[in-house]
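Here's the letter readout for the chains.
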Amino acid sequence: MSEAQPTQKANLALAILPSVLLQAAFFVVPLVMTGLLSFQETKSYMLVWSWNLKTWGDVFSNLYYWSIIASTLVMSGITVLLCLLFGFPIAYGLATRFPNAQGNIKILLIFAFLTDSVLKIFGWALFLDHSGVANYLLTAVGLPPLPGWVIFSRAATLLGMVYSLLPFTIFTIFLSVEMLDKSLLRAAYDCGASKWRAFWEVTLPLCKNGLFAGAMLVFVLSLGTFLESKILGGGKTPMVAELIRQTFETRVNWPLGSALTLVTIFITVATILLFSRISDLRAREARK
C-alpha cells in the first residue's frame, strides 16, 4: 500500500497537469501581466515602464470611476433579482409540468447560450426603436406608441441585460429542480402540508444551491456586459466594462485600464465570498 500511494499521487499529478498549465497560461499569466501594467503610465499614447503608484492614485481619487462602478453594481444587483424573479417560475414549470419534454427543453436552453449576443441586442434595438416593430404593433391595435425615453435609456439597458442573462438562471435552477427528491414532497403531503407550504419548506430550500449558483453567475457576467449599455443605452448609462474597453482602445491608457480591471475583479470576488459566507452561516443556523 505504501508503494502504491506515491504511484497514485504521481498519476494524479500527471492527470491534472494539463488543466493546471492551461489555467496558468490563460488566467494566471494574463492576471499577473495586468497587475504589472497597473504600475506603469502612458505618455503620448505610449506605454512607459515607470513603476509608480500614479495610476492607482488616479483610480482612487477620481469619483467618476467609482460612480460608474457603483452604477454597475446597482444594475447588476437589479439584474440578478429580476433574473431570479422570472427564472424560477419558468424553470420550475419546465421541470415539473413537462416531464416528457426534458431533452427538448435542455436543447432549447443550450441553444439560448449559443445565440450570438450581438444579434440579440441589435434585435432589441430594432424592436424598441421609434420606427420599430414595437411601435408598429402598438399603433396597429390602436394603442399609443412607446415613450421616447424607452430606447437609449437605463431601462432599455436593464432589459437587454435581463434578456441576455436570464437563460443562465433558468438553466441552473432547472437542474436543481430536476434533481429534487420527489419522495420528500410526497412525505410532506402525507403529513398534511398544503402545496404552498410544501413548496416553501421543501422545494425552495432544496433549490437554494441552484438559486445561489444562478445569482452568482448572472452577477459576474453582468459586470462584464457592455453591448447593452452601448447599444440599448446609447452610451447614456456607462458600465464598468465599457469604461475599461474605452480606456484600453480609445484612450490607449493600458495602465489605467489594467487598474480598473483589477478593481472590478476584486469587487466581484469579494462579493461572491461575502454571499458565500452569509449562505454558510445561514446553513449552519438551519442545522442547529
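Attention here is on the structure that accompanies the text. (Residues numbered from 1 in each chain as written. Predicted model: local features only at pLDDT ≥ 70, side-chain atom pairs only at ≥ 80, totals over all residues. Heavy atoms only, no water.)

What follows concerns the overall build of the protein chain. For the protein chain, the helix and strand inventory stands at 13 helices and two strands. For 288 residues, the compact-globule estimate of 2.2 N^0.38 gives 19 Å, and the protein chain exceeds it by more than 25% at 24 Å. Projected onto its principal axes, the C-alpha coordinates of the protein chain cover approximately 80 × 75 × 35 Å. Expressed as a percentage of the 288 residues in the protein chain, the buried residues total 35%. (Helix = DSSP H or I, 4+ residues; strand = E, 2+ residues; numbered from the N terminus. Rg over C-alpha atoms; globule rule 2.2 N^0.38 Å. Buried < 20%, exposed > 50% of the residue type's maximum accessible area, 1.4 Å probe, protein only.)

Moving on: the pattern of salt bridges. With the rule as written, the count across this model stands at four salt bridges. The salt bridge involving Arg-197 is made with Glu-201; its shortest N-O contact spans 3.1 Å. Of the two residues, Arg-197 and Glu-201 are both situated in helix α9 (residues 195–206); the distance of four residues between them amounts to about one turn of the helix. Take Glu-201: its relative accessible area is 47%, and that puts it in the partly exposed class. For the salt bridge of Glu-249 with Arg-245, the shortest nitrogen-to-oxygen distance reads 2.8 Å. Of this pair, Glu-249 and Arg-245 both sit in helix α12 (residues 240–249), separated by four residues, roughly a single helical turn. (Salt bridge = Lys/Arg side-chain N within 4 Å of Asp/Glu carboxyl O.)

Even without a glycine there, the phi angle at Trp-51 is positive, about 55°. Take Trp-51: it is sitting in the loop between β2 (46–48) and α2 (54–61). A positive phi angle, near 50°, is found at Val-252, a position not held by glycine. On the accessibility criterion, Val-252 (29% relative accessible area) is partly exposed.

Moving on, we get to empty space enclosed by the protein. Per the counting criterion, the structure on display carries one cavity of 30 Å³ or more. Lining the largest cavity are Ile-69, Thr-72, Leu-73, Leu-223, Val-240, Thr-264, Ile-267 and Thr-268. Among the elements of the structure, α3 (63–97) and α13 (254–287) are those that each provide at least two residues to the lining of the largest cavity. When its residues are assigned to classes, the lining of the largest cavity shows five nonpolar, three polar and no charged. (1 Å grid on protein atoms, 1.4 Å probe; cavity = no way out; pocket = protein on both sides within 12 Å on 5 of 7 lines; lining within 4 Å. Points joined across faces, edges and corners; volume = space filled by probe spheres on them. Nonpolar A, V, L, I, M, F, W, Y, C, P; charged D, E, K, R; others polar.)

What follows covers the layout of surface pockets. Within this model, the second largest pocket holds a volume of roughly 310 Å³. Around the second largest pocket, the lining is made up of 14 residues, and of these Tyr-92, Thr-96, Arg-97, Leu-185 and Tyr-189 lie nearest the centre. A total of five residues in the lining of the second largest pocket trace back to one element, the largest contributor, which is α9. Of the residues that constitute the lining of the second largest pocket, the class distribution is eight nonpolar, two polar and four charged.

Turning our attention to the nonpolar core. Note on soluble globular proteins: their nonpolar side chains tend to be buried together. Within the largest apolar cluster, 26 residues are counted, with the highest numbers of intra-cluster contacts made by Cys-83, Phe-88, Ile-173, Phe-174 and Val-177. Looking at this core, the elements with two or more residues in it are α3, α4 (102–114), α7 (154–178) and α10 (208–223). The dominant element in this core, judged by the number of residues it contributes, is α7, at nine residues. Leaving out residues up to four positions away in the same chain, Ile-173 has contacts with Leu-84, Gly-87, Phe-88, Ala-91, Gly-210 and Leu-211. In this structure, Tyr-65, Ile-68, Val-240 and Ile-267 belong to the second largest nonpolar core, which totals 14 residues. (Core = buried A, V, L, I, M, F, W, Y, C linked by side-chain atoms within 4.5 Å. Contact = heavy atoms within 4.5 Å.)

Another aspect to go through is the environment of Phe-39. Examined against the element boundaries, Phe-39 turns out to sit in the loop between α1 (4–37) and β1 (41–43). Sequence-wise, Phe-39 and Ser-67 are 28 residues apart; in three dimensions their C-alpha atoms are separated by 23 Å. Those residues in contact with Phe-39 that sit more than four places away from it in its chain are Ser-50, Trp-51, Asn-52, Leu-53 and Trp-56.

This is a description of form; function is not addressed.
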